[in-house]
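Observations on the model geometry
Okay, here's what each chain looks like letter by letter:
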Amino acid sequence: MKRDIINFLIKCFPFLLTILLLRLSAPWFNPAGILAIIPVFYCSFIRPVPYFTFFAILICFLIDYKFGTVFTWTIFYCLYYAVANIQTFIDLTHTDKHGFYAFMIFIGVIILTILLAGLTFLNFLMSGLLFLYVCAMYIPITMIINKVVKND
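Here goes a summary of the coordinates provided. Bear in mind the structure is a predicted one, so any value in this text is a computation, not a measurement.

1. Topic: the nonpolar core
- Among the nonpolar cores identified, the biggest contains 41 residues, and Ile37, Trp73, Phe103 and Val134 are the most heavily contacted of them.
- If you list the elements that add at least two residues to this core, you get helix H1 (2-23), helix H2 (37-46), helix H3 (52-67), helix H4 (72-86), helix H5 (100-117) and helix H6 (121-149).
- Looking at which element gives the most residues to this core, the answer is H2, with eight residues.
- Ignoring anything within four residues of it in the chain, the contact list for isoleucine 37 reads Cys60, Ile63, Trp73, Phe103, Phe106, Ile107 and Val134.

2. With respect to the packing of H2 against H3
- Put simply, H2 and H3 touch, their axes get as near as 10 Å, and they point 155° apart. Classified by the interaxial angle, the pair formed by H2 and H3 is roughly antiparallel. The hand of the H2/H3 crossing is left-handed. Contacts from Ile37, Pro39, Val40, Cys43 and Ser44 of H2 reach H3 at Phe52, Ala56, Ile59, Cys60 and Ile63.
- The residue makeup of the contact of H2 with H3, split by class, is nine nonpolar, one polar and no charged.

3. Things to note about H5
- In this model H5 runs 26 Å from its N-terminal to its C-terminal C-alpha over 18 residues, within 8% of the 26 Å that 1.5 Å per residue would give.
- Along H5, the positions that sit buried rather than exposed are Phe100, Ala102, Phe103, Phe106, Ile107, Ile110, Ile111 and Leu115.

4. Here we look at the side chain of serine 44
- Relative to the elements of secondary structure, serine 44 occurs in helix H2.
- One polar contact links the side chain of serine 44 to the main-chain carbonyl oxygen of valine 40, over a distance of 2.7 Å.
- Once you skip the residues sitting within four places of it in the chain, serine 44 turns out to touch Pro39, Phe52, Ala56 and Tyr77.

5. Looking at the layout of surface pockets
- Here the largest pocket defines a volume of roughly 410 Å³.
- What lines the largest pocket is a set of 14 residues, and nearest its centre among them are Pro31, Phe67, Met126, Ser127 and Leu130.
- Within the residue set of the lining of the largest pocket, elements represented by two or more residues are H5 and H6.
- When residues in the lining of the largest pocket are grouped by element, the largest group, six residues, is from H6.
- For the lining of the largest pocket, the residue count by class is eleven nonpolar, three polar and no charged.

6. Concerning the packing of aromatic side chains
- Tallied over the full model, the rule gives 20 aromatic pairs.
- When the ring of phenylalanine 41 is compared with that of tyrosine 80, the centres are 5.8 Å apart and the planes differ by 50°; the resulting orientation is tilted. Residue phenylalanine 41 is found in helix H2, and its partner tyrosine 80 is found in helix H4; the two are separated by 39 residues along the sequence.
- The buried category is assigned to phenylalanine 41, whose relative accessible area is 0%.
- Summarising the aromatic geometry, the rings of phenylalanine 61 and phenylalanine 71 are spaced 5.7 Å apart at their centres and angled 35° between planes, so their arrangement reads as tilted. Of this pair, phenylalanine 61 sits in helix H3 while phenylalanine 71 sits in the loop between H3 and H4; the two residues are ten residues apart in sequence, bridging distant segments of the chain.

7. Points about the environment of threonine 74
- By secondary structure assignment, the location of threonine 74 is in helix H4.
- The spacing of threonine 74 and alanine 56 is 18 residues in sequence and 8.7 Å in space, taken between C-alpha atoms.

How each quantity is defined
- Residues numbered from 1 in each chain as written.
- Predicted model: local features only at pLDDT ≥ 70, side-chain atom pairs only at ≥ 80, totals over all residues.
- Heavy atoms only, no water.
- Core = buried A, V, L, I, M, F, W, Y, C linked by side-chain atoms within 4.5 Å.
- Buried < 20%, exposed > 50% of the residue type's maximum accessible area, 1.4 Å probe, protein only.
- Helix = DSSP H or I, 4+ residues; strand = E, 2+ residues; numbered from the N terminus.
- Contact = heavy atoms within 4.5 Å.
- Axes fitted to C-alpha atoms, helices over the stretch in contact; angles between N-to-C directions.
- Parallel < 35°, antiparallel > 145°, perpendicular 65-115°, else oblique.
- Left-handed = near helix turned anticlockwise from the far one by under 90°.
- Nonpolar A, V, L, I, M, F, W, Y, C, P; charged D, E, K, R; others polar.
- Expected span 1.5 Å × (residues − 1).
- Polar contact = N/O pair within 3.5 Å; in protein donor to acceptor, adjacent residues only side chain to side chain.
- 1 Å grid on protein atoms, 1.4 Å probe; cavity = no way out; pocket = protein on both sides within 12 Å on 5 of 7 lines; lining within 4 Å.
- Points joined across faces, edges and corners; volume = space filled by probe spheres on them.
- Phe/Tyr/Trp six-rings, centres within 6.5 Å; stacked < 30°, edge-to-face > 60°.

By themselves, these figures tell us nothing about what the structure is for.
Structure representation (structure tokens):
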């Protein structure tokens, strides 16, 4: 019984971590719950979790709502998902460094699109800081997911 509960919690961990990161939004630590995009990306593309795709689309929609963008995160997630599953040249599940470079491309294109919608010097600085911060938090969060789920 106890082992079944632990196995259930291990399988639910990516879902629970994503919800936690979305709910722990704060202006400087986690603006609009943006750190929730890390487990969304990682558990969708790098280490696919069963039934996570629909949950990830919902989380992207909630990030759009909190961020004040109109379907930007959701559309780019769906586009990236379609491209990653249609193409056969790059296998994201076997990339180095937990798919860090693929994540940088994913997040960079989205932040650049949001930046170009309202280009000012302050938005440029804030977008750069957001990109650096989210990329810096990618490796620790993915390491936590790997330690809990024990997927080598």
